[in-house]
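# Descriptive analysis of the structure
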Amino acid sequence: MYRAGTAFKPLVGTAFGGVMLRDSTDDYASLIFDRYQVDDIESVAPLLRDRGPVIYILEFKNGDRYVGQAINVVRRFAQHRHGGTHHSPWEDIVAVQVVDVRANQLSDAERAIIDRERRTGHHIRNRVYNIDNDLPSALDAEIPVREQQHWATGHGSFDHVSFIQAADRSSSETPTRLAASRKSKATIFDGRTVADAVLDDLAVAIANVIPNALQLEGDYWTLSDFPSTSGGRYATLNVGYLELLYFPRYPLEMVLEDRVAVVEHAAVLSLPVGTMG
């Protein structure tokens, strides 16, 4: 949790109310999974017909793992075994672990278990919540993998001149949903409107965090204007499968470095634990 201005300080930006780094792993560390050997069966119906909703972990012959969530785990397992739009058939599944979880906790639990598996050294096949995965992606056809690795070491292209030129263009006569919202016209602790604070943080993130941003706009990163996701957000910056940065419409309680609790609007930055020290 960061007070305004501290999270994006290395990026010469300003933070909106504070940035909360998501880490819910500890909340689900005590989950106990049931494990079933499945390398010689096509369907898990006899084993798991009455289970769900669940978090499941697939184990593969080479030691890889995959973490998922399912209401109908029997159908989901069949999709993994026989393949679909997301991946080719996984014929090398040798075991499945499952644990019952409330439906409204599935996403948080899935994220936490993925993080737990990563921390314990397992190579996982997930794309979502697995930022540094080495799985093939649609981006490979546009940008060579070697160049993507170059980005990861901090040497991507961050050309701010093009952003300045774009900012000089006349704006649309139709206001964005963010700008038109009554809520976004409220002021925050430093006197800015909520809308201006959101735009400031989005500008910092896009200009300084996303390499080759102009080249990849629309295909590999997008902005959601005032989406209704999870109780409503002012805006969301989506990068690939990840909601990299989003702004809830409701204030969040934050504990500052001096252990003082405040309730303010906040920006939520989704990064692997330890990214910002």
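Residues numbered from 1 in each chain as written. Predicted model: local features only at pLDDT ≥ 70, side-chain atom pairs only at ≥ 80, totals over all residues. Heavy atoms only, no water.

Check the secondary structure of the protein and you find eight helices and twelve strands. Put simply, the protein has 277 residues, and 41% of those count as buried. Of the contacts formed within the protein by residues at least 6 apart in sequence, a portion of 57% connects residues at least 24 apart. When the accessible surface of the protein is summed, it comes to about 15700 Å², and 51% of that surface belongs to carbon and sulfur atoms. (Helix = DSSP H or I, 4+ residues; strand = E, 2+ residues; numbered from the N terminus. Buried < 20%, exposed > 50% of the residue type's maximum accessible area, 1.4 Å probe, protein only. Contact = heavy atoms within 4.5 Å. Areas by Shrake-Rupley, 256 points an atom, 1.4 Å probe, with all protein chains shown as cover.)

This next bit is on helix α2 (residues 73-82). Looking only at α2, the buried set comprises Val73, Val74, Phe77, His80 and Arg81. Looking straight down α2, one finds that the buried residues subtend no more than 120 degrees of arc, so they occupy a single side. Looking at the buried residues of α2, the elements they touch are α1 (45-48), β4 (54-60), β5 (65-70) and β6 (93-100). The N-cap residue of α2 is Asn72: its side-chain oxygen and the backbone nitrogen of Val74 are 3.2 Å apart. With its phi angle positive at about 85 degrees, Gly83 sits one or two positions after the end of α2. (Arc of directions from axis to C-beta. Polar contact = N/O pair within 3.5 Å; in protein donor to acceptor, adjacent residues only side chain to side chain.)

Another aspect to go through is the nonpolar core. Core analysis: the biggest nonpolar cluster contains 23 residues, and Val198, Leu202, Trp221, Tyr234, Leu237, Leu245 and Phe247 have the highest contact counts within it. For this core, the elements supplying multiple residues, two or more each, are α7 (194-208), α8 (213-216), β8 (233-239), β9 (242-248) and β12 (267-269). By residue number, the principal contributor to this core is α7, which donates seven residues. Counting residues in hydrophobic clusters, the runner-up holds 17 residues, among them Val44, Trp90, Ile93 and Val98. (Core = buried A, V, L, I, M, F, W, Y, C linked by side-chain atoms within 4.5 Å.)

The next subject is the pairing of β4. Of all seven residues in β4, seven are buried, a share of seventy percent or more. Neither face of β4 is open: one carries Val54, Tyr56, Leu58 and Phe60, the other Ile55, Ile57 and Glu59, and all of them are buried. Here six bridges tie β4 to β5, and the two strands are oriented antiparallel to one another. Bridge assignment links Ile57 to a residue of β5, and that residue is Val67. Hairpin connection, β4 to β5: the antiparallel pair is bridged by four residues, and Gly63 has positive phi, about 95 degrees. (Pairing = 2+ DSSP bridges.)

Let's shift gears to the environment of Val96. Relative to the assigned elements, Val96 resides in strand β6. You can call Val96 buried: its relative accessible area is 2%. Along the primary structure Val96 and Glu59 are separated by 37 residues, whereas in three dimensions their C-alpha atoms are 6.1 Å apart. Ignoring any residue separated from it by four or fewer positions in sequence, one finds Val96 in contact with Asp34, Arg35, Tyr36, Val38, Leu48, Tyr56, Ile57 and Leu58.

This paragraph deals with the packing of aromatic side chains. Scanning all chains against the criterion turns up four aromatic pairs. Three or more aromatic residues link up through ring pairs in this structure, and these residues are Tyr56, Phe60, Tyr66 and Trp90. It is Arg125 that lies over the ring of Trp90; its NZ or CZ is 5.5 Å from the centre. Stacked on the ring of Tyr246, the Lys or Arg Arg233 has its end atom at 3.6 Å from the ring centre. (Phe/Tyr/Trp six-rings, centres within 6.5 Å; stacked < 30°, edge-to-face > 60°. Lys NZ or Arg CZ within 6 Å of the ring centre and 35° of its normal.)

A separate point is unusual backbone geometry. Residue Gly52 is joined to Pro53 through a cis peptide bond whose omega torsion reads 0 degrees. Tracing the backbone through its elements, the reader meets Pro53 in the loop between α1 and β4. The phi torsion at Phe226 lies on the positive side, around 55 degrees, for a residue other than glycine. Turning to its location among the elements, Phe226 is positioned in the loop between β7 (221-225) and β8.

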